[in-house]
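Overview (structure and organization)
Listed below are the residues making up each chain.
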Amino acid sequence: MNKLLLAVDGSESSKKAVERTVEFTKALDLEVTIITVLDKSTIELSELQAYRNEDSLEKLIKKNEKELELRGQEILNEAASFFDGNNIKTKNIIEYDNDPAEKICNYAEENDFDIIVLADKGLGAVKRFFLGSISDKVVRHANTSVLVVK
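Residues numbered from 1 in each chain as written. Predicted model: local features only at pLDDT ≥ 70, side-chain atom pairs only at ≥ 80, totals over all residues. Heavy atoms only, no water.

1. Some remarks on unusual backbone geometry
Using the following cut-off: Counting from the N terminus, the helices are DSSP H or I runs at least four residues long and the strands are E runs at least two residues long. We call a residue buried when its accessible area falls under 20% of the maximum for its residue type, exposed when it is over 50%, and partly exposed in between, using a 1.4 Å probe and counting protein chains only.
Even without a glycine there, the phi angle at N87 is positive, about 55 degrees. Structurally, N87 is set in the loop between α3 (54-84) and β3 (90-96). Using a relative accessible area of 75% as the deciding quantity, one classes N87 as exposed. Not every positive phi belongs to a glycine, and D112 is a case in point at roughly 55 degrees. Its location among the elements puts D112 in the loop between α4 (100-110) and β4 (115-119). With a relative accessible area of 57%, D112 lands in the exposed category.

2. Describing the pairing of strand β2 (residues 31-38)
The line we're drawing: Orienting the strands away from the viewer, one traces the path from the first strand over the helix to the second; a clockwise path indicates a right-handed crossover. Two strands pair if DSSP finds at least two bridges between them.
Along β2, seven of the eight residues are buried, which leaves the element largely enclosed by surrounding structure. Crossover connection from strand β1 (residues 3-7) via helix α1 (residues 12-28) to parallel β2: handedness right-handed. Across seven bridges, β2 lies against β3 in parallel orientation. Looking across to β3, one finds that I35 is bridged to I93.

3. Focus on the environment of N77
Along the chain, the position of N77 falls in helix α3. The spatial distance from the C-alpha of N77 to the C-alpha of I34 is 9.6 Å, given a sequence separation of 43 residues.

4. Points about a negative patch on the surface
Rules: What goes into a patch is any residue over 30% in relative accessible area without a salt bridge, connected to like charges within 9 Å or, for nonpolar side chains (Val, Leu, Ile, Met, Phe, Trp, Tyr), within 5 Å. Areas reported here follow the Shrake-Rupley algorithm with a probe of radius 1.4 Å; residue values treat only the protein chains shown as occluding. By definition, a salt bridge exists where a carboxyl oxygen of Asp or Glu is found within 4 Å of a side-chain nitrogen of Lys or Arg. In this charge count, Lys and Arg are treated as positive and Asp and Glu as negative; neither His nor the chain ends contribute. Taken as the charge location is NZ of Lys, CZ of Arg, CG of Asp or CD of Glu.
On the surface, a cluster of negative charge is contributed by E109, E110, D112 and D114. With respect to the element layout, E110 can be found in helix α4. Relative accessible area serves as the criterion here: at 62%, E110 is assigned to the exposed category.

5. Things to note about the sheet that holds β2
Which entries qualify depends on this criterion: Only C-alpha atoms enter the line fits that serve as axes; for helices the fit covers just the stretch in contact. Angles between N-to-C directions range over 0 to 180 degrees. We call two residues contacting when some pair of their heavy atoms lies within 4.5 Å.
The strand order across the open sheet formed by five strands is β3-β2-β1-β4-β5, and the pairing between neighbours is parallel. Strands at the two margins of the open sheet, each flanked by one partner only, are β3 and β5 (145-149). This sheet shows a mean twist of 25 degrees between the axes of neighbouring strands, independent of strand direction. Taken strand by strand, α1 contacts β1, β2, β4 and β5, and its axis lies near 140 degrees from that of β4.

This is the structure in structure tokens:
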């Protein structure tokens, strides 16, 4: 085993997955890539209603994308800081998709990762009920081994 893909979303559970991954990465000398998947379609309806013309809507979309990218960078930087503190280098990736589980599975397969590590939960209970948890989907659909951290 050489390549590990760590999926993070900034949640407390995700931070536990980062801490566990650091622990066994030190012992196994793995190449670590940290990924976060962001959904660009998260503009609030109330914000959309405030923008009536196309020019203003385009500005809102660009503003939302910039804020989303900054949030993604914060999530990755926070996770990477645990590795940096242990002298472990990481590659950090932001991807965009409205189905994070599918993106994680595809990214792992396309880049020949040996294992995917992620937290057991990250979304709120109501959203998870309707969408299915990301970790559940990754476990069911990945062609790569998956470690779910509780």
